[in-house]
Amino acid sequence: MLHKCRYLQLRDDLWIPKLDELTVCLDLWTQILTQDWTIFVYKKRGGVHPQLGLAGEGDNLRVWLLEVSWLSSKKLSLRSWHSICLTWSGLERRLGLYINGTRVDLKEEMRIRPGPLSPNGTLTLGLSHGFTNGDLIPESGHSLPGCVSLFRMWPREHTSQQLQDLRCATGNLVRWTASDWQMDSCQAIPDASLECGERVASARRPSRSGCHTASFARLPLSQWNYSFFRVSLNVAVNSTPHNLEEVIHIWLQETLEKDQMSVLNLKIVSHSCTFQVQTVLTLSVAETEDRIRNHLQKYYILSEHIQLTPEKETIQITHIEPGTCSEHSQWTNKGFYMWPQTEAQQTAIMLCEGDPRLTTTRLCGLDAVTEKATWTNPDLDSCPLVVATILDLENISVLPNSSMKVVEMIGNLTSAHTKLSFTELVVVLSKLDEVVNVSQMTPPLGTAIVNIISDIIASESDLSLVTNSILSITDSVGSKMSIGGDQYSMTAPSLAISIHNMDPGCFQGLSFGVSSLLQDSPEIFINQDPFDSTVAFISLPHVVGSYFPQRNGTPSRVQFHFYGTVDLFKDLNSRMKLNTYVVSASVTNATIVDLEKPIFVTLHHLQTNLLNDEVQCVYWDVNKYDRLGGWESSGCRVNHSSATHTTCFCNHLTHFGVLLDVSRTSVSKLDEEILTIVSYLGCGISSVFLGISLLTYVAFEKLRKDYPSKILLNLSVALLGLNLVFLVNSWLSSFNSYGLCVVVAAMQHYTLLASFTWMGLEAMHMYFALVKVFNVYVPGYMLKFCAFGWGIPLFIVSLVLLVKVDAYGSVQYDKTVQGPDALDQFCWLKSDAAFYMSVVAYVLLVLLCNVSVFIVVLIQIHKMRESKGPGRRGRLLHDLRSVASLTFLLGLTWMLAFFTWGPAKVALLYLFAILNSLQGFFVFLFHCLMKESVRTQWRTHLCCGGFRLTEHSDLSHTATFTMKSRPNLLTHALSVKSAKSDHSNYTNSTSGSAHSDRQPASPVRSGTLDVKSEKALVLPRAQLCSSLLLPETHSSSQWNRH
């Protein structure tokens, strides 16, 4: 047979992938020496020189790698077996040749080319080959003058020690088994005299012999033949044992297994049992059946109380042929394993990929129901992890029959990450692209890929550089998927794909829509009109059918895609932002442009367009910005746009979205988190210091005798309520109680309105005291202020509850985010109309009034400064403190909310959050801590030792300071008389003037007015103006006198 067996060729459906490293091992026996001979050659299709190969020149070996060759310095002896291994690492540019375990030098200088081994080439053993018109043609004249055995290949470079461990191991890329090779006229001949001759994984080392047969290839074959039988019978037991199954099992073991028969899959129902028997086939089938029957007909005595008697007439024995477990490739996180074809009830053994010193096993078992050979799960416990991280996926070669395992492995790795780096994204997407290209796309495989893509686009990863890769993968999944019917849909939390096979001659239009994303996955509806919860809708006119490819009755494929995220489509060069989710439509193998009748697209706004900002219908251009992708508007126009939806007309198919020109800088998630922390921290600090202020004014009666102090007390209560409700709002909202949330939202609304109302009353009182300077009696002055301060907010909140109680409820901090990505819930006004009428309009009205009073006060201060003339300079810092005091007292910092747009939006938001969350702290600072009278009360009642003041020293200091102020008296004065005749001017206002606190109570006469009261306080207007605005500050000498 030698003249007929010229060469072996690797099977066409087994192909070698692109490799950056490898190991090839074989056993060689040469009989004669010729000038040029060939061991094996691997060429890329159509190539001239070998990509990889081993040849001979006389008694030397020549190594081929990447079309370059080297001659070895080692001479081979004749008529003896040699173990030869070739190793290569492209990264290290290292090539190694080992003969009988010893590394051999190569004569020529190393000049290894960079680059990987070309994939999908052709491999022949014993002969070189070329190509004619793409067909493989064997080359005669350089055949192998001897024998070859144990040819194996691994996709990794192994060390010398590893090569020793792999001496008899099965290759996991190319194996030495008949099923991997096109045998043609060659015949595999077993030869037990060869090392590893019984089986590849054997560690035995029998003596080697020569090439005794004329056969070219020597492949390991099974040593034993087994036969299998199905057996059923009934048994009778003289008594009822505690465990009948155990008794029968012991009987079968002692009866059959002593005759080298194995009992498999024993099943016992009452006194009837069924099982399979495995036995070595040494007799004929009929003889083996008789032998089994004879064993089973004998009665069995387990003990003196238990005797088992088979019912002979019920014994049925049938010969079965389970076949073999077919070859199976398997990717796991512990490596790739190509399990060879294995007989039933035999165990396949392979070396662990992560550590060749260890082994893994897999049983080809006999299924109890089908009675066919079936693979069980492999035992990989002893093998170390090979794919432990996402970057380890680079070492995986994707094969058609292992694609699902690779995808499962990718899914397990990505699901454990909330954020992937750019390198990790590239690795994952490249492997998914390989899967799509080499696999038959089945619905389970496609669904698994869609779930991985959905997890990626819903993660916190930066996807701006891989958008086109993701779109390409999802499009390929839809194009290549094999479906049984005319329609198939796949949904995941952030992604939906719908596939339709259409008859080109019967296409009358098609529509696709997606409902709200509040559920786990988007809900798809086909050929239905959009409704309230629709977030994306696209309708194809019938004219699209004329663009379908003509393929002789083969249906054309239309696919729709929905992407429930805006982070995937980032165009950094656009001044506008994406304000909708993205929907797309495409026809496989067709380009559809310049349609006569446009495509109808309706998209729901993520951010309500209440200000009627400019919107633009756009599509994603994959070729823009050096193929990074970007938004384009050509071919699309706005048909209609409202606050919540935009309808577009487009004349081509692609990915559609709607951009919104908000003319303001977007706030990143990091900024949102920081702003939230700042707000909560500031409100907490303000709550503490507002509490201190309230305790101070409540504890010391002297501090709350005048109207400004009483107004400040009410404002502090309102601000404290506002801060406290805000701090617990999200926590209370998490209980998901509608009634509780309405109460919390109403309280938040009420305290906000009350705070602004008392800020307005502060400004009103200031206006009365400073501008409207006349003598008037106002009965129930504070009572009227309290009625307005607490009554107006109560009226507004009650009105909202009466008109629409549903106006209150749970909302999101960020309305542009929906579904599982939504931020924390917050109990507040859900109705935009109620919010703008009862909050924005009211706050704006109060702030306009307060700004007017603030301007008037500044004008009065300026006039007084001019009237005083020179001599009182250096008060700039004092005046600035006064302005800051009034700014926080009147709530003017809240006006920043109306300017948070444009490039300065983020900076103004930070300023707004800091100043307004700390408003309570600043009220304490300017109107409590820096107020002389408050400090005096603290030192009098709270301090001890040298810091404590007596009532006498307090009065003495007050009188002294008042006498110094008397030269500044003016004729105009104000006396506002309360119901209790408790009078004071506005110098004891919340601005913190020390002058009014120390003014003695006495009748004051004016040139034109004469107002008397028991405790009436008539103060000079000049002193009133300055003390109204200025926090009490004194020189260190004055303070030290205490």
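It should be noted that the structure appears before, not after, this text.
Rules used in this analysis
- Residues numbered from 1 in each chain as written.
- Predicted model: local features only at pLDDT ≥ 70, side-chain atom pairs only at ≥ 80, totals over all residues.
- Heavy atoms only, no water.
- Helix = DSSP H or I, 4+ residues; strand = E, 2+ residues; numbered from the N terminus.
- Expected span 1.5 Å × (residues − 1).
- Buried < 20%, exposed > 50% of the residue type's maximum accessible area, 1.4 Å probe, protein only.
- Pairing = 2+ DSSP bridges.
- Axes fitted to C-alpha atoms, helices over the stretch in contact; angles between N-to-C directions.
- Parallel < 35°, antiparallel > 145°, perpendicular 65-115°, else oblique.
- Left-handed = near helix turned anticlockwise from the far one by under 90°.
- Contact = heavy atoms within 4.5 Å.
- Nonpolar A, V, L, I, M, F, W, Y, C, P; charged D, E, K, R; others polar.
- Phe/Tyr/Trp six-rings, centres within 6.5 Å; stacked < 30°, edge-to-face > 60°.
- Disulfide = S-S within 2.5 Å.
- Salt bridge = Lys/Arg side-chain N within 4 Å of Asp/Glu carboxyl O.

1. Considering helix α14 (residues 876–889)
For step 1, the next point in the chain: Relative to the 20 Å expected for 14 residues at 1.5 Å per residue, α14 spans 20 Å between its end C-alpha atoms, a close match to the ideal helical length.
For step 2, the next point in the chain: Turning to α14, its buried residues are His878, Ser882, Ser885, Leu886, Thr887, Phe888 and Leu889.
For step 3, the next point in the chain: Following α14 by one or two positions, Gly891 has its phi on the positive side, about 70 degrees.

2. Some thoughts on the pairing of strand β11 (residues 129–132)
For step 1, the next point in the chain: For β11 and strand β12 (residues 135–138), the ladder comprises 4 bridges, and the chain directions are antiparallel. The residue bridging Thr132 from the neighbouring strand is Asp135, located in β12.
For step 2, the next point in the chain: Hairpin connection between β11 and β12: a loop of 2 residues separates the two successive antiparallel strands, and Asn133 in this loop has a positive phi of roughly 55 degrees.

3. Overview of the packing of helix α6 (residues 443–457) against helix α7 (residues 467–480)
For step 1, the next point in the chain: The contact between α6 and α7 brings their axes to 10 Å, and the two run at 160 degrees. Judged by the inter-axis angle, α6 sits roughly antiparallel to α7. As for the relative orientation of α6 and α7, their crossing is left-handed in sense. For the pair α6 and α7, the contacting residues are Gly446, Ile449, Ile453, Ile456 and Ile457 in the first and Ile470, Ile473, Thr474 and Val477 in the second.
For step 2, the next point in the chain: For the contact of α6 with α7, the residue count by class is 7 nonpolar, 2 polar and no charged.

4. A few points about the packing of aromatic side chains
For step 1, the next point in the chain: One pass over the structure, following the stated rule, counts 34 aromatic pairs.
For step 2, the next point in the chain: Each ring, one from Trp828 and one from Phe835, has its centre 6.4 Å from the other, and the planes form 75 degrees; the classification is edge-to-face.
For step 3, the next point in the chain: You can call Phe835 partly exposed: its relative accessible area is 25%.
For step 4, the next point in the chain: Within the aromatic cluster, the residues linked to one another by ring pairs are Phe689, Phe888, Phe921, Phe922, Phe924, Phe926 and Trp938.

5. Some thoughts on the sheet that holds strand β41 (residues 645–650)
For step 1, the next point in the chain: Strand order in the open sheet made by the 6 strands is β32-β31-β33-β37-β41-β40, with antiparallel pairing throughout. Strands with a single pairing partner mark the edges of an open sheet, and in this sheet they are β32 (524–526) and β40 (636–641). Across the sheet, the mean angle separating the axes of adjacent strands is 15 degrees when strand polarity is ignored.
For step 2, the next point in the chain: When strand β31 (residues 510–514) meets β32, the two strands line up antiparallel, connected through 3 bridges. Along β32, the bridge assignment pairs Val514 with Ile524.

6. Looking at the state of the cysteines
For step 1, the next point in the chain: Across all of its chains, the model carries 6 disulfides by this definition.
For step 2, the next point in the chain: Each sulfur in the disulfide pair Cys352 and Cys383 lies 1.9 Å from the other. Here the disulfide of Cys352 and Cys383 is left-handed, its torsion about the S-S bond being about -65 degrees. Residue Cys352 is found in the loop between β26 (346–351) and β27 (359–366), and its partner Cys383 is found in the loop between β28 (373–375) and α4 (403–415); the two are separated by 31 residues along the sequence.
For step 3, the next point in the chain: Cys352 sits in the buried class, given a relative accessible area of 2%.

7. A few points about the pattern of salt bridges
For step 1, the next point in the chain: Scanning the model with the defined rule gives 9 salt bridges in all.
For step 2, the next point in the chain: Between Lys624 and Glu632 there is a salt bridge, with the nearest N and O atoms lying 3.1 Å from each other.
For step 3, the next point in the chain: Glu632 sits in the partly exposed class, given a relative accessible area of 26%.

8. Description of the side chain of Ser733
For step 1, the next point in the chain: For Ser733, the position within the fold is in helix α10 (residues 707–733).
For step 2, the next point in the chain: Judged by its relative accessible area of 4%, Ser733 is buried.
For step 3, the next point in the chain: Excluding residues within four positions of it along the chain, Ser733 makes contact with Cys741, Ser810, Gln825, Phe826 and Cys827.

9. Digging into the pairing of strand β24 (residues 335–339)
For step 1, the next point in the chain: Of all the 5 residues making up β24, 5 are buried; the element is thus mostly covered by neighbouring parts of the structure.
For step 2, the next point in the chain: The alternating pattern of β24 places Gly335, Tyr337 and Trp339 on one face and Phe336 and Met338 on the opposite face, and all of these are buried.
For step 3, the next point in the chain: Pairing of strand β23 (residues 328–332) with β24 involves 5 bridges; the strand directions are antiparallel. Looking at β24, one finds that Trp331 is bridged to Phe336.

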